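Listed below are the residues making up each chain.
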Amino acid sequence: MPGVHVLLLAETLPDAERLASAWRDAAPHTGTEARAVRVPGARRASAGAPSQGGVLTAPAGHGTGSSGGVLLAGSAIPVGPPDAVGPQDIGPAHPGPTAPGPAPSALPRAERAALAEVAAGADVVVAYVTRLDGETLHRGVVVEAAAAAAPHAVPVVVVTESSEVSRREWSTAGLSGVHEAVDGDVARVARTWTPGWAR
């Protein structure tokens, strides 16, 4: 039985399965589980993207790959004074600044609970979107991955073709890393998040 379990999420099951296949090619001793997560009313992040190819094609080999950016972060630290500073601002009407973390889930209760249960058994949760921007960071598969993993302290990684958000924005949203995987270089991401003994 594999010692590392990776939960791979995307808006469609074929996308999640292609990501899982590419991950297994790079780290064959890793257990993977692919799931589709569709949020009602969320903009489809992969609209206009090709149905095959791009970041989700399995790499031909295990080369290092030099394209694409790798971004890693630790915990987010709020900067600046709180909005509420005087005695008149203390109390329920003025709770002060909120702590960093994922946005609330928009999934129905049963689906939210099922996803959280699966995330609890994972060592890392990976979410795929074609483009990570302000909208996909706050609604959709990325939010659901972060919300499901947060109670269990499981790291959440986003694989995307293009990221338009800053490190501070995505780390505040509860993400541990964002990888711009260019030309199908999922192998590089898998090696980053898989211990050497599990490859």
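Residues numbered from 1 in each chain as written. Predicted model: local features only at pLDDT ≥ 70, side-chain atom pairs only at ≥ 80, totals over all residues. Heavy atoms only, no water.

Caption draft 1: Inspection of the environment of alanine 113 at higher detail. Its place among the elements puts alanine 113 in helix α2 (residues 109-120). With a relative accessible area of 47%, alanine 113 lands in the partly exposed category. Residues alanine 113 and alanine 148 lie 35 residues apart in sequence; the distance between their C-alpha atoms is 8.0 Å. (Helix = DSSP H or I, 4+ residues; strand = E, 2+ residues; numbered from the N terminus. Buried < 20%, exposed > 50% of the residue type's maximum accessible area, 1.4 Å probe, protein only.)

Caption draft 2: Here's a closer look at the confidence of the model for the protein chain. Residues at a pLDDT of 70 or more form 66% of the protein chain, whose mean pLDDT is 75. Predicted confidence for residues 89-98 stays below pLDDT 50, and this span has 4 contacts to residues more than four positions away or in other chains. (pLDDT = per-residue confidence, 0-100. Contact = heavy atoms within 4.5 Å.)

Caption draft 3: Representation of helix α6 (residues 186-193) in the model. For α6, the tally of buried residues reaches 6 of 8 residues, placing the bulk of the element in the interior. Among all positions in α6, only Val186, Ala187, Arg188, Val189, Ala190 and Arg191 are buried.

Caption draft 4: Structural view of the side chain of threonine 160. Tracing the chain through its elements places threonine 160 in strand β5 (residues 156-163). Contacts of threonine 160, omitting those with residues within four sequence positions, involve Val129, Thr130, Arg131, Leu132, Val178, His179, Glu180 and Ala181.

Caption draft 5: Looking closely at the pattern of salt bridges. With the rule as written, the count across this model stands at 5 salt bridges. The salt bridge involving arginine 131 is made with glutamate 164; its shortest N-O contact spans 3.5 Å. Of the two residues, arginine 131 is situated in strand β4 (residues 124-132) and glutamate 164 in the loop between β5 and α5 (167-172); the sequence distance between them amounts to 33 residues. For arginine 131, a relative accessible area of 31% corresponds to the partly exposed category. We classify glutamate 164 as exposed; its relative accessible area is 52%. (Salt bridge = Lys/Arg side-chain N within 4 Å of Asp/Glu carboxyl O.)

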